[in-house]
Amino acid sequence: MAKIKHNNFLDTVHEVFTDAKQEGIMHLYAEGEAFTGRTIGVNNRQLFHFGTTGYLGLEQDSRLKEAAIEAISKYGTQFPLSKSYISNPLYRQLEEKITAMYQNPIIITKNSTLGHMGVIPNAVNDRDAIILDHQVHWSVQSAAKVLKNRSVPIDMIRHNDLNMLEDKIKSLSDKRKKIWYMADGIYSMYGDFSPIQELKTLSLKYPQLNLYIDDVHGMSWIGKNGTGYALSELKELSENILLFGTLSKTFGASGAVLVCSNKKMYQEIKTFGGPLTFSAQLEPASVAAATASADIHLSPEIYDLQNDLRDRVQYFNALLEKTNLPLIDRNISPVFFIGTGMPKTGYNFVNRLMKEGFYVNLGIFPAVPVKNTGVRITISRHNQKEEIKGLVEAMVYHFPKSLEDTYTNSNRVFHAFKLDVKATKEDKIHNGLIVKFEDSIRNIDKNIWNNLVGKQGVCDWEGLQFLEHAFSENSLREHNWKFKYLVVYDQDQKPILATFFTIGLWKDDMLADISASQTIENQRISNPYFLTSEVLSMGSLFTEGNHLYINEDHPLKQEALNAMMQSIESLERQYDAKMVVLRDFSDKETLHPYFQGQGFVRVQMPDSCKIDLVENETIEDYGSRLSSRNRQHLRKEILAYEPLLHIEVLKSCSKNQLKQIQTLYANVHQNNLGLNTFSFPDKLFKVMSDHSNWEFITISLLEDPSKMIGVMLCYNNENHTYVPSFVGMDYAYLSTFYTYRQLLYQTIKRAIALRFKRIDLGMTAGFEKRKLGAIVEEKFAYIQTSDNYTLELMGILEGHR
């Protein structure tokens, strides 16, 4: 394997959103000449509306509407001037009322996204550091990551993981002036809470810790004067906390509000806050509506509205308690998330509910991990108890049917969200199939395996037996892999599907940016297993190529794939794997829609290279087939140096030779943080030397044949494929003798001499391999994680959440 190409995020999001759009559940247009909030028009039907963020229903309050209409009549549709020059006449009153609500200085912004862009770069000093909860809203992440240009370190923790947060605070405390932790008060998908009390305690323990809380989904429906969840927990706002609320969503108007008790910082942000200075101010209608809403928030009426909503939320919770529906977080917020696991199950469930007359939202990637897709339901004061009850009844009826339609079951959903599995009746998953799992390749017929999976790389029967021996009974955790072999047969014992998996310890930053890996490696000096996880991978870190055989024409192909997926999930639970990786697939792969529907993110790997050899041709014949430009490259940079070098093929090695080979390999491994893996066990090279299918192409200088400067570790696949698996080099000689190019050429020369039909050159260095006639193929992997933190660390999301 090798470093992924970091251009996957937008492609993946486009594919996920396109699927949802084609299913008719995203990018819709509401219909109708009027809107009450209780129902919403979709596709010529009126559906009960369970998707609003206007939890208190204030956007339909007549006082807000009348204030907005009057403001337009008096001041026009907009006030087209920057607030730095002059504010709309209505602004002063709004600012006074919002200040009265919070009892702290406030700054009103056009919206929360522009607010974060204006506040974060101003509040965070170049000597500070930022730690993000990996589920904090995209607008916060986007604004924070602008500060990378100022060399402000930006790190991330798994969701609400206070132990991880404290570890990062400790590591930064002697290097940075302030440490900013940025989180949501109420998270918009699952409706779960930030642990505000514990964060406050942590900030008292570490005075450098400052909190930046985006509480737009906690606004209005809870707290004194409707000032939100975070402030209701904090009781008062200390100077080390910045709080964001909203004037839109449940506040009923438009805009956002920063609350800042630090008077010096408040003045700095208000004087010059980027978009706060240059962007347009709120329209008169929005200012007037927000002022009318502030009057409600400052009156006892706000508590009547909160209690009214709370009664509906409690009613919904009580109904859900009597069901087996997978509610992801049970609490008092008006946001609920019913897990479906796979995206295609979510599409099916939402469509079924819409046909029953209920509009709900689908929570999909990147807002949630792909395998944690679900239905996001919001309760508002618009919802009456009869339709709340009707929604629960519809979900109870349609949820198992959606599971059945998409070949899954509720146990899989509960496991995907790490919920306690409730006793349910499940369908048999392998109907009509014989599913065989083995722990060793020795338990599988050699001819059957080699005809199915063993045609490439080190994936033949002998190669896997070698790997089982090399990666077992070693002293270090990372050098011991578990092997699992899966073959699915029909009732006539005809194979439909075959593959193998390994379970082993991977570095979480294996595919991350080199600079990130360098930072993490510094911490691994004292903690070797820092940011490492058990990974369930199709194939292994040692093998490349097509690891999956499937009979495309078999009528039970779909059932075999479903059996494989459920087997993967069983292994994932058994070994507590944090990530599942399926690889390597071509750009022509027909399984892409299936894997995506199962909750996998596709990432593009480095191109793979191969050479198909012509029977009975010589190395001279092969060279003549190259283009004129590549023949010139061959003559000038390879053939011209070949006489100066001692080339030798070793079938077995002395201790001294093995030591040199291991050192040369270590040079390349340590030089490649772009693919940051653990080293291989020391015994691997001895096991290679003892194995009849392995050989070593070595390069030395003529004047000192005993000192190697390069080596190619090659495997003879029993299906007539030559596999240069790994390379080792002394970088001091690389540019002088073009060592890598010489090794590639000698590999081709050796394969021709042995009369092999094909060379699997593997991934990376495609440019060099292409110059020697290799065919380049695009390759993809499919990755599934239980949270998006790992994808962030690997660079697949690259801060786009």
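For clarity, every value in this text was computed on a predicted model and none was experimentally measured.

1. Notes on unusual backbone geometry
Cis geometry is found at the peptide bond from F365 to P366, where omega equals 10°. Located in the positive-phi region is N616, a residue other than glycine, with phi close to 70°. Residue position: N616 is located in the loop between β20 (601-612) and α21 (619-624).

2. As for the sheet that holds strand β11 (residues 358-359)
The sheet built from three strands is open, its strands ordered β1-β2-β11 with mixed pairing. One side of each edge strand has no neighbouring strand; the edge strands of this open sheet are β1 (39-42) and β11. Two strands pair when backbone bridges link them, and strand β2 (residues 45-49) and β11 are joined in this way by two bridges, in the parallel orientation. Counterpart to F48 in the pairing with β11 is F358. Sitting on the sheet, helix α13 (residues 343-355) is in contact with β1, β2 and β11, with an inclination near 110° to β2.

3. Some words on the pattern of salt bridges
All told, the structure shown has 42 salt bridges when counted by the stated rule. Its salt-bridge partner being D308, residue R381 comes within 3.0 Å of it at the nearest N-O pair. In this pair, R381 is assigned in the loop between β13 (373-378) and α14 (385-405) and D308 in helix α12 (residues 301-321), connecting sequence segments 73 residues apart. With its nearest N and O atoms 3.5 Å apart, the salt bridge here joins E777 to K610. Here E777, found in strand β26 (residues 775-785), pairs with K610, found in strand β20; they are 167 residues apart in sequence, far enough to count as distant. One network of salt bridges, with partners in common, ties together K507, D509, E521 and R524.

4. Looking at the confidence of the model for the chain
For the chain, per-residue confidence averages 90 on the pLDDT scale, and residues scoring 70 or more make up 95% of the total. Taken as a whole, residues 423-429 scores under 50 in pLDDT and shows nine contacts with residues more than four places along the chain or in a different chain.

5. Some words on empty space enclosed by the protein
One pass over the structure, following the stated rule, counts five cavities of 30 Å³ or more. Size it by volume and the second largest cavity reaches roughly 70 Å³. Contributing to the lining of the second largest cavity are F471, E478, H479, W481, L505, W506, L541, T677, F678, S679 and F680. Tallied by class, residues from the lining of the second largest cavity come to seven nonpolar, three polar and one charged.

6. Description of the packing of α13 against α14
Relative to each other, α13 and α14 sit at 140°, their axes nearing to 9 Å. Viewed along their axes, α13 and α14 adopt a mutual orientation that is oblique. As for how α13 packs across α14, the hand of that crossing is right-handed. Facing α13, whose interface residues are T345, N348, F349, R352 and L353, α14 presents L391, A394, M395, H398, F399, K401, S402, L403 and D405. Residues that form the contact of α13 with α14 fall into these classes: seven nonpolar, four polar and three charged.

7. Thoughts on the environment of A367
Of note, A367 is situated in the loop between β12 (361-363) and β13. As for A367 and N44, which are separated by 323 residues in sequence, their C-alpha atoms are 29 Å apart.

8. Topic: a nonpolar patch on the surface
On the surface, L81, Y85 and I86 cluster together to form a nonpolar patch covering roughly 350 Å² of accessible area. If you trace the backbone, I86 turns up in the loop between α2 (62-75) and α3 (91-102). Judged by relative accessible area, which is 44%, I86 ranks as partly exposed.

9. Focus on the sheet that holds β13
Taking strand neighbours across the sheet as the criterion, the three strands line up as β10-β13-β12 in an open arrangement whose pairing is antiparallel. Edge strands, defined here as strands with exactly one partner in the open sheet, are β10 (335-341) and β12. Pairwise comparison of adjacent strand axes, ignoring direction, gives a mean angle of 30° for this sheet. The sheet contact formed by β12 and β13 spans three bridges and is antiparallel. Counted as the bridge partner of L362 is V375 from β13. Its contacts with the sheet place α13 against β10, β12 and β13, and it is angled at close to 125° to β10.

10. Examining the side chain of H116
Mapped onto the elements, H116 comes out in helix α4 (residues 112-123). H116 has contacts with P121, S139, V140, A143, Y212, D214 and F244, leaving out every residue within four places of it along the chain.

11. What about the nonpolar core?
Membership of the largest hydrophobic core comes to 167 residues, with the highest contact counts inside it found for I98, I377, M395, W449 and F542. With eight residues, helix α11 (residues 284-297) is the single largest residue contributor to this core. For M395, the residues in contact, after removing those within four places along its chain, are F316, L320, L325, I338, F349, L353, I377 and P400. Counting residues in each nonpolar core, the second largest holds 33 residues, with I709, C714, M729 and Y745 among its members.

12. Focus: the environment of H415
Turning to its location among the elements, H415 is positioned in helix α15 (residues 410-416). On the basis of relative accessibility, which here comes to 29%, the residue H415 falls in the partly exposed class. Of the polar contacts made by the side chain of H415, one reaches the side chain of R573; its length is 3.3 Å.

13. Some thoughts on α13
Between its first and last C-alpha, α13 extends 18 Å over 13 residues, near the 18 Å set by a 1.5 Å rise per residue. Of the residues making up α13, those classed as buried are P343, T345, G346, Y347, N348, F349, V350, N351, R352, L353 and M354.

14. Quick word on helix α19 (residues 557-574)
Between its terminal C-alpha atoms α19 stretches 26 Å, which fits the 26 Å expected from 18 residues at 1.5 Å a residue. Across the 18 residues of α19, 13 count as buried, placing the element largely inside the fold. Looking one or two places after α19, you find D576, whose phi comes out positive at around 50°.

15. Things to note about the side chain of H547
One can find H547 in the loop between β17 (532-538) and β18 (549-550). A polar side-chain atom of H547 sits 3.0 Å from the main-chain carbonyl oxygen of G545. Excluding its chain neighbours within four sequence positions, the residues that come into contact with H547 are V453, C459, A498, T499, F500, M538, G539, S540, R583 and D584.

16. Brief notes about the pairing of β17
When you tally the buried positions in β17, you get six out of seven residues, the bulk of the element. When strand β16 (residues 495-507) meets β17, the two strands line up antiparallel, connected through seven bridges. Directly across from W506, in β17, lies its bridge partner S533. Looking at chain direction, β17 and strand β19 (residues 579-586) are connected through three bridges and run parallel. What sits directly across from S537, in β19, is V581.

17. Focus on the packing of helix α6 (residues 162-172) against helix α7 (residues 196-205)
Any two packed helices are characterised by how steeply their axes cross, that is the angle between the axes, and by the distance between the axes. Relative orientation of the contacting elements α6 and α7 amounts to 20°, with a least axis distance of 12 Å. As judged from the angle between their axes, α6 and α7 are roughly parallel. You can see that α6 and α7 cross each other, and the crossing is right-handed. Listed contacts from α7 to L162, L165, E166 and I169 of α6 are E198, L199, L202 and K205. For the contact of α6 with α7, the per-class residue count stands at five nonpolar, no polar and three charged.

Rules behind the numbers
- Residues numbered from 1 in each chain as written.
- Predicted model: local features only at pLDDT ≥ 70, side-chain atom pairs only at ≥ 80, totals over all residues.
- Heavy atoms only, no water.
- Helix = DSSP H or I, 4+ residues; strand = E, 2+ residues; numbered from the N terminus.
- Pairing = 2+ DSSP bridges.
- Contact = heavy atoms within 4.5 Å.
- Axes fitted to C-alpha atoms, helices over the stretch in contact; angles between N-to-C directions.
- Salt bridge = Lys/Arg side-chain N within 4 Å of Asp/Glu carboxyl O.
- pLDDT = per-residue confidence, 0-100.
- 1 Å grid on protein atoms, 1.4 Å probe; cavity = no way out; pocket = protein on both sides within 12 Å on 5 of 7 lines; lining within 4 Å.
- Points joined across faces, edges and corners; volume = space filled by probe spheres on them.
- Nonpolar A, V, L, I, M, F, W, Y, C, P; charged D, E, K, R; others polar.
- Parallel < 35°, antiparallel > 145°, perpendicular 65-115°, else oblique.
- Left-handed = near helix turned anticlockwise from the far one by under 90°.
- Patch = residues over 30% accessible without salt bridge, like charges linked within 9 Å, V, L, I, M, F, W, Y side chains within 5 Å.
- Areas by Shrake-Rupley, 256 points an atom, 1.4 Å probe, with all protein chains shown as cover.
- Buried < 20%, exposed > 50% of the residue type's maximum accessible area, 1.4 Å probe, protein only.
- Core = buried A, V, L, I, M, F, W, Y, C linked by side-chain atoms within 4.5 Å.
- Polar contact = N/O pair within 3.5 Å; in protein donor to acceptor, adjacent residues only side chain to side chain.
- Expected span 1.5 Å × (residues − 1).

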